Amino acid sequence: QVQFVESGGGLVQAGGSLRLSCAASGTIFSDNAMGWYRQAPGLQRELVAWISIIGVRNYADSVKGRFTISINNAKNTVYLQMNSLKPEDTAVYYCNRLGPRPYAWGQGTQVTVSS
């Protein structure tokens, strides 16, 4: 079973930046589109950025122009560069493959943006 370990979250002021990392326990990126998801308190988990097997990137409207997803296949790691952070970006961030059968979710990494 694939496992994910997310890291890089923290407390940052509005307008600041963070870079999240998600290390996968196996070589899965060549077979799976990957995404970054987030879940704020009381809300459902939402997909905010994803990258296809061939490297096409897409973003939710709420983060477009501010977030960038990337992959290092050699390190089995997917990244999320987050710039111009807003208080509404506060959430626990997770990575997983896209589709109806995600792998087991990792513990996530908390991002808190203060105003």
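These lines cover the structure that appears in this document, whether it is placed above or below. (Residues numbered from 1 in each chain as written. Predicted model: local features only at pLDDT ≥ 70, side-chain atom pairs only at ≥ 80, totals over all residues. Heavy atoms only, no water.)

On to the sheet that holds strand β5 (residues 46-51), then. Strand order in this open sheet of six strands is β2-β10-β9-β4-β5-β6, and the pairing throughout is mixed. The outermost strands of the open sheet, each flanked by one partner alone, are β2 (10-13) and β6 (57-59). Averaged over all neighbouring strand pairs, the angle between strand axes comes to 25 degrees, with direction disregarded. In this structure, strand β9 (residues 91-97) lies alongside strand β10 (residues 109-114), joined through three bridges in antiparallel fashion. (Pairing = 2+ DSSP bridges. Helix = DSSP H or I, 4+ residues; strand = E, 2+ residues; numbered from the N terminus. Axes fitted to C-alpha atoms, helices over the stretch in contact; angles between N-to-C directions.)

A word on the environment of Ala74. Looking at the secondary structure, you find Ala74 in the loop between β7 (67-72) and β8 (77-82). Between the C-alpha atoms of Ala74 and Thr27, which are 47 residues apart in sequence, the distance is 8.8 Å.

Taken together, the six bridges between β7 and β8 define a ladder with antiparallel strand orientation. Pairing of Asn72 across the sheet is with Thr77, part of β8. Hairpin remark: β7 followed by β8, antiparallel, with four residues in the connecting loop; positive phi at Asn76, about 50 degrees.

Once that is clear, we can look at a nonpolar patch on the surface. On the surface, Ile53, Ile54 and Val56 cluster together into a nonpolar patch covering about 320 Å² of accessible area. Among the secondary structure elements, Ile53 is positioned in the loop between β5 and β6. (Patch = residues over 30% accessible without salt bridge, like charges linked within 9 Å, V, L, I, M, F, W, Y side chains within 5 Å. Areas by Shrake-Rupley, 256 points an atom, 1.4 Å probe, with all protein chains shown as cover. Salt bridge = Lys/Arg side-chain N within 4 Å of Asp/Glu carboxyl O.)

All right, on to unusual backbone geometry then. Residues other than glycine seldom take positive phi values, yet Asn76 does so here, at roughly 50 degrees. With a phi angle near 50 degrees, Ser84 is a residue other than glycine that sits in the positive phi range. Looking at the element boundaries, Ser84 is found in the loop between β8 and β9. We classify Ser84 as partly exposed; its relative accessible area is 42%. (Buried < 20%, exposed > 50% of the residue type's maximum accessible area, 1.4 Å probe, protein only.)

This brings us to the packing of aromatic side chains. Tallied over the full model, the rule gives three aromatic pairs. Centroid distance Phe4 to Tyr103: 6.1 Å. Interplanar angle 55 degrees. Geometry classified as tilted. Of this pair, Phe4 sits in strand β1 (residues 4-7) while Tyr103 sits in the loop between β9 and β10, and the two are 99 residues apart along the sequence. Judged by relative accessible area, which is 15%, Tyr103 ranks as buried. A centroid spacing of 5.1 Å and a plane angle of 90 degrees characterise the contact between Tyr37 and Trp105, whose relative ring orientation is edge-to-face. With Tyr37 in strand β4 (residues 34-39) and Trp105 in the loop between β9 and β10, this pair connects stretches of sequence that are 68 residues apart. Given the relative accessible area of 12%, Tyr37 is considered buried. A network of ring pairs unites the aromatic residues Tyr37, Tyr94 and Trp105 as a single cluster. The residue whose ring lies beneath Arg19 is Tyr79, and the NZ or CZ to ring-centre distance is 4.0 Å. (Phe/Tyr/Trp six-rings, centres within 6.5 Å; stacked < 30°, edge-to-face > 60°. Lys NZ or Arg CZ within 6 Å of the ring centre and 35° of its normal.)

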